Amino acid sequence: MRPQILRHISGRTSTVQASNDVLTMRTPTPEDGHQVWQLIRDCEPLDRNSMYCNVLQCDHFAETCVVAEKDGEVVGWVSAYIVPSDPDTLFVWQVAVSDKARGMGVAKKMLHELVSRDCCKDVTGLKTTITKDNEASWALFNAFADRMDAPLDSDAHYVRDDHFDGRHATEHMVTIAPFGARKSAAA
Ligand SMILES: CC(C)(COP(=O)(O)OP(=O)(O)OC[C@H]1O[C@@H](n2cnc3c(N)ncnc32)[C@H](O)[C@@H]1OP(=O)(O)O)[C@@H](O)C(=O)NCCC(=O)NCCS
């Protein structure tokens, strides 16, 4: 069943209800880092980071990261940051949703929660990288682009042999920008 957003949005926290299950979306705290680390390990094909990396994301990058929680358990995660050399652009590093919460729009809602935050008020576009074979990720970001009325472009960017010493599939840079462009083109 599709979750419905309850009208409970208070700064750092928004609540989403899917049938009897209540999902809370919020900015992370450093204490979430170890659960985020475990969630990412459970969400192949995501690259596994060190637990220390996830604790730092939950601390220094908390404003641009999202935790989705159900019954006190972290079931969703988005890590992102505003690109230092391009403050109009939000770069999404990883999106993870636990098996038990998939197919309910959680990932899409976390992205929307993120771009609606005050810290993203000057953001006009989103970038992320996706490997060619990650169908779920392409579907998620295509759906997000539609919802933002923005065009989606992609190009091979971090290349297997040039950047990863042949040990990682090529990452395609996906650019969804500018938000609202399609709507204004149609107006
Ligand atoms: C990708 C992932 C985050 C999607 O989470 P989710 O909460 O199930 O996604 P949503 O329910 O918000 O779906 C968003 C859109 O993607 C589509 N989608 C989701 N999973 C899909 C799949 N496996 N295959 C095809 N389409 C899929 C949905 O139909 C929806 O499209 P729509 O709005 O046009 O109907 C989740 O499957 C996951 O954690 N995968 C493993 C980690 C990963 O690959 N992360 C992405 C790379 S950073």
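Below or above, wherever it landed, is the structure these notes cover.

Conventions used here
Residues numbered from 1 in each chain as written. Predicted model: local features only at pLDDT ≥ 70, side-chain atom pairs only at ≥ 80, totals over all residues. Heavy atoms only, no water. Helix = DSSP H or I, 4+ residues; strand = E, 2+ residues; numbered from the N terminus. Contact = heavy atoms within 4.5 Å. Areas by Shrake-Rupley, 256 points an atom, 1.4 Å probe, with all protein chains shown as cover. Core = buried A, V, L, I, M, F, W, Y, C linked by side-chain atoms within 4.5 Å. Buried < 20%, exposed > 50% of the residue type's maximum accessible area, 1.4 Å probe, protein only. Near = heavy atom within 4 Å. Polar contact = N/O pair within 3.5 Å; in protein donor to acceptor, adjacent residues only side chain to side chain. Axes fitted to C-alpha atoms, helices over the stretch in contact; angles between N-to-C directions. Parallel < 35°, antiparallel > 145°, perpendicular 65-115°, else oblique. Left-handed = near helix turned anticlockwise from the far one by under 90°.

A word on the overall build of the chain
Argument step 1. Check the secondary structure of the chain and you find six helices and nine strands.
Argument step 2. Long-range contacts, defined here as pairs at least 24 residues apart, represent 59% of the contacts in the chain between residues at least 6 apart.
Argument step 3. Of the accessible surface of the chain, which amounts to about 10400 Å², a share of 48% is contributed by carbon and sulfur atoms.

Concerning the nonpolar core
Note on soluble globular proteins: their nonpolar side chains tend to be buried together.
Argument step 1. Formed by 32 residues in total, the largest nonpolar core has its most connected members in Leu90, Val92, Met110 and Phe141.
Argument step 2. Per-element accounting of this core gives the leading share, six residues, to helix H3 (residues 106-115).
Argument step 3. Residues in contact with Val92, not counting those within four places in the same chain, are Val78, Ser79, Ala80, Leu111, Leu126, Lys127, Thr128 and Phe141.
Argument step 4. With ten residues, the next largest nonpolar core counts Cys43, Cys65, Val67 and Trp77 among its residues.

Quick notes on the site of the ligand
Argument step 1. The ligand sits among 22 residues. The nearest are Val95, Val97, Gly105, Lys108 and Asn134.
Argument step 2. Contact between the ligand and Arg102: an oxygen atom at 3.5 Å from a side-chain N or O atom of the residue.
Argument step 3. Between Lys108 and the ligand, the recorded distance is 2.5 Å, taken from a side-chain N or O atom to an oxygen atom.
Argument step 4. Relative to its unbound accessible surface of 920 Å², the ligand loses 73% to contact with the protein.
Argument step 5. At the level of elements, strand S6 (89-97), H3 and helix H4 (135-147) are the ones that each hand at least two residues to the shell around the ligand.
Argument step 6. Here the element with the most residues in the shell around the ligand is H4; it accounts for five residues.

Remarks on the packing of H3 against H4
Argument step 1. Where H3 contacts H4, the two axes come as close as 10 Å, and the packing angle between them is 45°. The angle between H3 and H4 falls in the class oblique. The element H3 and its partner H4 pack so that their crossing is right-handed. Across from Ala107, Lys108, Leu111, His112 and Val115 in H3, the residues of H4 making contact are Leu140, Phe141, Ala143, Phe144 and Arg147.

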